[in-house]
Amino acid sequence: MVLIILVGMAGYNVWLFDVAHPLYTGSKDENVCLLGLGEDGRLYELNDHFDDYFYVVEESGVSSLLSNISSEYSGIKISRVRRRLFGREVDLLKISGGAEELKRAREVLRRRVGDEYLYEDDVRDTIKYLIDNDITPCSWYSFEGSKVADKNGLSIYRIESLSRVEGGPPLPPIKAISVDMVVISDFGEPDFHRDPVNYLAVYDGDEYHEFMVSGRDDTDIIRGLNEIVKRLDPNVIVSFGGNSFVWPYLVGRGRQLGIKIGLGVLGHEIHQSLYGHFSFFGRINIDLKEYVDDNPIFELKTLEELAEYAGLRIPSTSIDPFSYALFWNDRRQVLIDYVKWRVMAIYKLFWELMEQIFSLSSVTGIPPDYVLTASSGRQAEQYIMRMSRKRGELIPKVLGRRMRSYPGGLVLSPKKGVHSNVAVIDFKSMYPSIIMKYNVSPDTIVKESGGDVDFYEELGIGVRRDIKGILPEIVETLVRERDLVRKMMKEYPRDSPMYKLLDSKQRILKILANTMYGYMGWIAARWYSFEGASLVTYLGRRTIRESIEKARELGLNIIYGDTDSVFIEYDEDRVNSLLRWISEYLGMEAKIDKVYRKVLFTEAKKRYAGLTVDGRIDIVGLEYVRRDWCELARETQYRFVKLVLEGASKNRLLDEFRSIVNEIRSGKVALDKFVIWEQITRDLSEYKANAPHIAVARALSRRGWRIRKGMFIGYVVVKGEGPLYKRSVHYLKADMNKIDREYYIRNQILPVVARVVEPIGINEKTLLSIVEVAGTGLDRFFG
DNA sequence: GGCTAGCGGGG
DNA sequence: GTGTACGCTAGCC
């Protein structure tokens with residue numbers, strides 16, 4: 001890019017959303033392009049030239065190799081540069097040139113010198129282009145350039161200058177459509193080689209468009225999709241499960257029928273790209289399944305859960321994909337109505353979540369097209385890559401590491417029982433604070449003491465003080481940015497689009513700061529540091545231990561503690577002096593997070609229930625919050641927690657237990673309350689043990705279903721002989737009359753109730769005796 | 001009873 | 001494919 005303004009050039013504001021290789025160019029040297037939307041919603045392709053490059057460490061023989069390479073490939077340029085790598089200066093040769101020559105040069109060097117001497121050859125040119133020019137997606141830029149062409153709604157320019165614009169509108173006008181479909185098979189999993197798309201639905205916010213299979217011929221569906229996308233010309237195509245199912249199926253189906261899936265601008269064919277996401281040229285592909293998949297508030301990762309969370313209407317009938325074939329054959333209209341609900345919900349959810357997705361993209365620098373596909377580790381890494389460039393540091397490589405684990409947070413054994421008036425003290429962003437305060441970073445870690453180094457003898461790890469590490473700098477930047485964004489938010493009404501955008505942004509900045517420690521301890525991270533991660537947790541343990549010692553010294557009664565929190569019997573003055581001490585002597589910030597009027601602990605760590613001063617019930621770690629217990633058990637535990645915290649008598653609790661046992665035996669409890677959900681976490685062939693959900697998954701697999709990692713298997717236990725895995729059946733195949741109610745009473749209800757009543761003196765045997773006599777008619781003589 | 005496999009949620 | 005600590009059930013000997 002040059003900064004000369006030529007006569008006859010246009011200058012516009014664009015909201016950039018992607019980087020790619022151009023579809024149309026005015027000259028051969030235009031090899032990258034930015035895609036953006038104007039303030040009027042017009043689509044721009046902004047072409048530019050970018051010389052890709054990589055670095056090589058100057059080892060013996062490299063120079064002669066390079067002179068051979070440069071004489072063989074005329075486009076190659078070589079220059080000497082100095083960069084930093086993990087805080088140390090290194091001299092390197094920078095090799096740049098056209099894609100083809102560069103690829104050949106890389107191959108020669110990899111073979112002859114070794115991969116470990118090359119740097120940034122493993123970073124995509126489009127990514128480097130964004131980073132080197134400090135361009136972040138989902139942000140406004142003003143560009144100047146000359147027009148190359150105008151193609152049916154796509155304006156193509158050659159960029160001459162580009163500069164960031166602050167204070168523009170939150171977003172340009174955006175057109176979105178949602179897509180969902182029905183595919184079925186006579187035998188388990190639909191296969192695109194064989195099974196047509198039966199039904200496809202598109203919603204544009206105004207009209208519902210549907211396409212129906214004709215016999216077993218779905219060519220009109222595939223063509224219809226191409227045509228409707230061309231006609232509606234959306235900027236965003238949103239789906240739920242697009243990257244994992246809809247797009248690969250449609251691409252496969254199109255190949256089978258000899259029809260291109262031309263959903264990109266000007267009919268450009270969709271293709272698979274980074275992290276496996278599908279890319280439509282000029283349009284943003286958003287798959288909302290990826291949003292729920294890495295958000296722990298969603299238990300089963302369904303569209304219904306997401307819709308409920310956003311306050312949308314939930315359909316009266318939800319249909320599991322396992323039952324699509326059944327409904328298609330017997331109750332087709334019900335299925336079609338359900339898909340109609342889905343596609344409309346997907347559309348509405350995009351507008352609800354749009355700000356979050358675009359903020360995540362603008363903060364991390366990953367285009368919105370695959371920012372949700374990228375794992376949180378990759379999101380953090382992309383952010384670090386930008387910062388490293390600004391600091392003149394190389395992007396390191398991931399080579400030769402072995403798995404090692406290190407100790408984590410400190411957890412105290414709780415004092416069993418029900419405690420009154422307990423304050424929960426926690427450290428504000430403990431790990432990010434430690435990273436900043438102690439300068440812990442992959443580039444500051446040393447193994448020897450001496451010089452300007454803080455040395456930790458217990459670990460044999462030191463930290464340089466002469467430079468500020470990249471992670472501390474990043475965390476500081478994130479914290480500072482967040483403060484700024486929070487200040488800006490105050491200038492907008494709470495329901496304005498700008499407020500929503502800024503609120504999403506500040507949340508993402510916080511999440512990103514909290515991710516940095518985990519990132520550093522992740523073996524696949526470019527900036528992996530085993531020592532750095534170990535030091536962070538070590539300092540965390542030291543901080544909490546010292547705080548607990550001080551609290552005891554002050555005469556406070558410690559009930560429990562975990563990693564960055566301490567539960568203390570609340571004595572306002574002494575707790576306040578503890579907080580002051582933490583601030584003054586440890587240089588860390590701690591606060592009272594909440595106060596429990598009552599809190600119940602068993603002997604176990606990481607499991608408790610509390611009643612807060614404002615009347616809310618918190619349940620942590622207990623079965624109530626776990627999906628691998630049936631809903632009946634979870635609800636029952638909640639009732640007992642509430643009773644115990646409210647001070648119910650033992651007799652009252654025993655009566656309650658008796659009545660639940662009787663209710664289950666009466667057969668009045670609905671089937672879905674007995675379903676236990678468990679996740680498939682690996683390939684079915686890798687399981688060594690016989691577990692119920694695996695046995696059920698294997699049965700589904702035999703019936704033709706592809707069991708993928710991440711799927712949830714819902715099953716119930718039925719009457720019969722032998723181990724559980726031999727009498728567990730998929731919930732859709734279960735018969736209400738065959739439910740083993742005694743199993744549920746003894747192995748689901750009894751333990752979860754016992755857990756929360758034992759601390760107040762009711763033992764499991766007492767409950768068991770109720771199970772054994774209740775319903776026999778003798779129970780009224782006992783208790 | 002002692003051990004392992006597997007899972008999920010917490011900080 | 002961010003991290004470690006932990007509790008618990010079921011299967012198996």
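Quantities reported herein were computed from a predicted structural model and do not represent experimental measurements.

(A) Inspection of the overall build of chain A at higher detail. Per the secondary structure count, chain A includes 21 helices and 28 strands. Expected size for 783 residues packed as a compact globule is a radius of gyration near 28 Å; at 30 Å, chain A falls within 12% of this value. Its C-alpha atoms give chain A principal-axis dimensions of roughly 100 × 80 × 55 Å. Taking all 783 residues of chain A together, the buried fraction comes to 53%. Sequence-distant contacts, at least 24 apart, represent 67% of the contacts inside chain A between residues at least 6 apart. When the accessible surface of chain A is summed, it comes to about 35500 Å², and 47% of that surface belongs to carbon and sulfur atoms.

(B) View of the protein's contact with DNA strand C. Around DNA strand C, a shell composed of 29 residues is seen, among which S375, G408, G518, N690 and L724 lie nearest. Each atom of DNA strand C within 4 Å of the protein was assigned to sugar, phosphate or base; sugar and phosphate come to 86%. In the environment of DNA strand C, a phosphate oxygen lies 2.3 Å from a nitrogen or oxygen atom belonging to the side chain of S375. In the model, a sugar or linking oxygen of DNA strand C is placed 3.1 Å from a nitrogen or oxygen of the Y406 main chain. For the surface near DNA strand C, the secondary structure elements donating two or more residues are α11 (376–390), α14 (497–520) and α20 (741–757). It is α20 that contributes the most residues to the surface near DNA strand C, four residues altogether. Of the residues in the surface near DNA strand C, the class split is 14 nonpolar, 10 polar and five charged.

(C) Seen up close, the protein's contact with DNA strand B. In the neighbourhood of DNA strand B, 19 residues make up the surrounding shell, with D564, Q679, T681, R682 and K688 lying closest. With respect to DNA strand B, the backbone of Q679 contributes an N or O atom lying 2.6 Å from a phosphate oxygen. Contacts to DNA strand B include T681, whose side-chain N or O atom sits 2.4 Å from a phosphate oxygen. Of the residues in the surface near DNA strand B, the class split is five nonpolar, five polar and nine charged.

(D) Quick look at the sheet that holds strand β27 (residues 712–717). Spatial strand order, β26-β27-β28: three strands in an open sheet with antiparallel pairing. A single partner strand is all that each edge strand has here, and the edge strands are β26 (676–679) and β28 (728–730). Mean inter-strand twist for the sheet, computed between neighbouring axes without regard to direction, equals 45 degrees. Summarising the sheet, β26 and β27 pair through four bridges and their orientation is antiparallel. Looking across to β27, one finds that W677 is bridged to G714. Contacting β26, β27 and β28, helix α19 (residues 692–702) crosses the sheet at an angle of about 110 degrees to β27.

(E) Region of interest: the pairing of strand β4 (residues 52–57). Most of β4 is tucked away: five of the six residues are buried. Inspection of the sheet shows β4 paired to strand β6 (residues 88–97) by six bridges, in the antiparallel sense. By the bridge assignment for β6, Y53 is matched with S96. Taken together, the two bridges between β4 and strand β7 (residues 118–119) define a ladder with antiparallel strand orientation. Residue pairing for β7: Y55 is matched across the bridge by Y119.

(F) Focus on the pairing of strand β5 (residues 77–85). When β5 meets β6, the two strands line up antiparallel, connected through nine bridges. When the sheet's bridge partners are listed, K77 is paired in β6 with S96.

(G) The arrangement of the pattern of salt bridges in detail. Applying the stated criterion across every chain, the model contains 60 salt bridges. R607 is the salt-bridge partner of E623, the closest N and O atoms lying 3.4 Å from each other. Pair noted here: E623 is in the loop between β25 (617–620) and α17 (631–645) and R607 is in the loop between β23 (590–601) and β24 (608–612), with a separation of 16 residues, a long-range link. Under the relative-accessibility criterion, R607 is labelled buried at 16%. R658 is the partner of D655 in a salt bridge, and the nearest nitrogen-oxygen pair spans 2.9 Å. Of this pair, D655 and R658 both sit in helix α18 (residues 650–666), separated by three residues, roughly a single helical turn. Each of R84, R391, E393, D443 and E473 takes part in a single network of salt bridges with overlapping partners.

(H) Fine view of the sheet that holds strand β13 (residues 236–239). Ordered by their spatial adjacency, five strands build an open sheet running β12-β11-β10-β13-β16, and the pairing between neighbours is mixed. Of all strands in the sheet, those bounded by a partner on one side alone are β12 (208–212) and β16 (284–287). On average, each strand axis in the sheet is inclined to that of its neighbour by 20 degrees, with strand direction left out of account. Across three bridges, the pairing between strand β10 (residues 176–183) and β13 is parallel. The residue of β13 that forms the bridge with A176 is V236. Packing against the sheet, helix α4 (residues 219–232) makes contact with β10, β11 (197–203), β12 and β13, and its axis sits at approximately 10 degrees to β11. On the sheet, helix α5 (residues 242–257) packs against β10, β11, β13 and β16 and is oriented at approximately 70 degrees with respect to β10.

(I) Fine view of helix α2 (residues 99–112). An ideal rise of 1.5 Å per residue puts 20 Å on 14 residues; α2 measures up with 20 Å between its terminal C-alpha atoms. Buried residues of α2: L102, A105, V108 and L109, and no others. Angularly, the buried residues of α2 cover 125 degrees about the axis, an arc narrow enough to put them on a single face. Residues of α2 that are exposed and point over 90 degrees away from its buried face: A99, E100 and R111. On its buried face, α2 sits against β4, α1 (62–72), β6 and β7.

(J) Focus on the nonpolar core. Formed by 154 residues in total, the largest nonpolar core has its most connected members in W15, W247, L250, L288, F358 and M516. If you tally residues by element for this core, the top one is helix α9 (residues 332–364), at 17 residues. Contact partners of W15, with chain neighbours within four places excluded, come to L35, G36, L37, C138, S139, W140, P170, L171, P172, I174, I284 and F358. W629, A633, I739 and Y744 belong to the second-largest nonpolar core, a separate cluster that totals 61 residues.

(K) Broad picture of unusual backbone geometry. With phi around 45 degrees, N152 is a residue other than glycine that occupies positive phi space. Take N152: it is sitting in the loop between β8 (139–151) and β9 (154–164).

What counts and how
- Residues numbered from 1 in each chain as written.
- Chains lettered and ligands numbered in written order.
- Predicted model: local features only at pLDDT ≥ 70, side-chain atom pairs only at ≥ 80, totals over all residues.
- Heavy atoms only, no water.
- Helix = DSSP H or I, 4+ residues; strand = E, 2+ residues; numbered from the N terminus.
- Rg over C-alpha atoms; globule rule 2.2 N^0.38 Å.
- Buried < 20%, exposed > 50% of the residue type's maximum accessible area, 1.4 Å probe, protein only.
- Contact = heavy atoms within 4.5 Å.
- Areas by Shrake-Rupley, 256 points an atom, 1.4 Å probe, with all protein chains shown as cover.
- Near = heavy atom within 4 Å.
- Polar contact = N/O pair within 3.5 Å; in protein donor to acceptor, adjacent residues only side chain to side chain.
- Nonpolar A, V, L, I, M, F, W, Y, C, P; charged D, E, K, R; others polar.
- Pairing = 2+ DSSP bridges.
- Axes fitted to C-alpha atoms, helices over the stretch in contact; angles between N-to-C directions.
- Salt bridge = Lys/Arg side-chain N within 4 Å of Asp/Glu carboxyl O.
- Expected span 1.5 Å × (residues − 1).
- Arc of directions from axis to C-beta.
- Core = buried A, V, L, I, M, F, W, Y, C linked by side-chain atoms within 4.5 Å.

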